[in-house]
Amino acid sequence: MTKPKLIYFDAPVSRGEECRLALHLAGIDFEDVRIKSADWPAMKQQTPYGGLPILELPGHPPLAHSNAILVMIGRRHGLHPADDFEAARHEGMMQHVEDLRGVVSPTIRMGNAEKKAARESMVAGYLPAWAHSAERNILGEPFFSGAKLHVVDLKLHMAVRWFLGGKVDHIPATIFAGYPKLMRVHDVVRDHSGVKSWYAKA
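Every value quoted in this text rests on a predicted model; they were computed, and no experiment measured them.

A. Just the sheet that holds strand E3 (residues 54-56), in detail. Read from one edge of the open sheet, four strands run E2-E1-E3-E4, paired in mixed fashion. Of all the strands in the sheet, the pair left with one neighbour each is strand E2 (31-35) and strand E4 (63-64). Relative to E4, E3 is paired through two bridges, and the arrangement is antiparallel. Across the sheet, Ile54 pairs through a bridge with Ala64, a residue of E4. Relative to strand E1 (residues 5-9), helix H1 (residues 14-25) is tilted by about 155°, and along the sheet it contacts E1, E2 and E3.

If you want it as structure tokens, here you go:
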């Protein structure tokens, strides 16, 4: 292996996409390995923790979990704070996004009636509470901590984008519309020249 390899499902979403964006913004030439869903069961037991994404770097064992991958890329390429307290604050928000995914993702596998009930309950309680916590911890403008984009902003962008398309059944596309700081982070990442150049390649 002569260059980094990022392994994730063949979809421009979630944990894998935020890592792809981080690698691209860092200027890293990487192999973008996209796994078909049908091939995943045979691979699962060979991965470090039974999940994706995985980043493979020359001379190192495979690195798993999106936050670990993002923080490493960020530290090496100026996309994560050098100050230890500010870095920890960013990592707290990154975990907040993982908490959101941990609540919503299991509903994908539910039957229709159970899914509807679970997601309507989230709309009434969990999702507004999650967004409120995110909103009050976004202390900068326009990004999470000021004028500079960091990997945490990519993660927040992907979390908001998940719902904005209106494709998450029983959750309104406007669920986060009342949280201007959160929406601003989404929008400025979407409009960032480096992010646009990634999607221009598609």
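B. Up close: the packing of aromatic side chains. In total, this model carries six aromatic pairs according to the counting rule given. Judged by centre distance (5.4 Å) and plane angle (85°), the ring pair of Phe163 and Phe176 falls under edge-to-face. Residue Phe163 is located in helix H6 (residues 151-164), and its partner Phe176 is located in the loop between H6 and helix H7 (180-190); the two are separated by 13 residues in the primary sequence. Classification of Phe163 by relative accessible area gives buried; the value is 1%.

C. A look at the environment of Lys148. Summarising the element assignment, Lys148 is placed in the loop between helix H5 (112-137) and H6. Spatially, the C-alpha atom of Lys148 lies 28 Å from that of Leu52, the residues being 96 residues apart in sequence. At 2.9 Å, the side chain of Lys148 and the backbone oxygen of Gly78 are in polar contact.

D. Examining the pattern of salt bridges more closely. Per the counting criterion, the structure on display carries 17 salt bridges. The partner of Lys3 in a salt bridge is Asp29, with the nearest N and O atoms 3.5 Å apart. Taken together, the residues span a long stretch of sequence, with Lys3 in the segment before E1 and Asp29 in the loop between H1 and E2 at a distance of 26 residues. Under the relative-accessibility criterion, Asp29 is labelled exposed at 53%.

The rules behind these values
Residues numbered from 1 in each chain as written. Predicted model: local features only at pLDDT ≥ 70, side-chain atom pairs only at ≥ 80, totals over all residues. Heavy atoms only, no water. Pairing = 2+ DSSP bridges. Helix = DSSP H or I, 4+ residues; strand = E, 2+ residues; numbered from the N terminus. Contact = heavy atoms within 4.5 Å. Axes fitted to C-alpha atoms, helices over the stretch in contact; angles between N-to-C directions. Phe/Tyr/Trp six-rings, centres within 6.5 Å; stacked < 30°, edge-to-face > 60°. Buried < 20%, exposed > 50% of the residue type's maximum accessible area, 1.4 Å probe, protein only. Polar contact = N/O pair within 3.5 Å; in protein donor to acceptor, adjacent residues only side chain to side chain. Salt bridge = Lys/Arg side-chain N within 4 Å of Asp/Glu carboxyl O.

Note that every value here comes from positions in space, so none of it alone points to a role or purpose.
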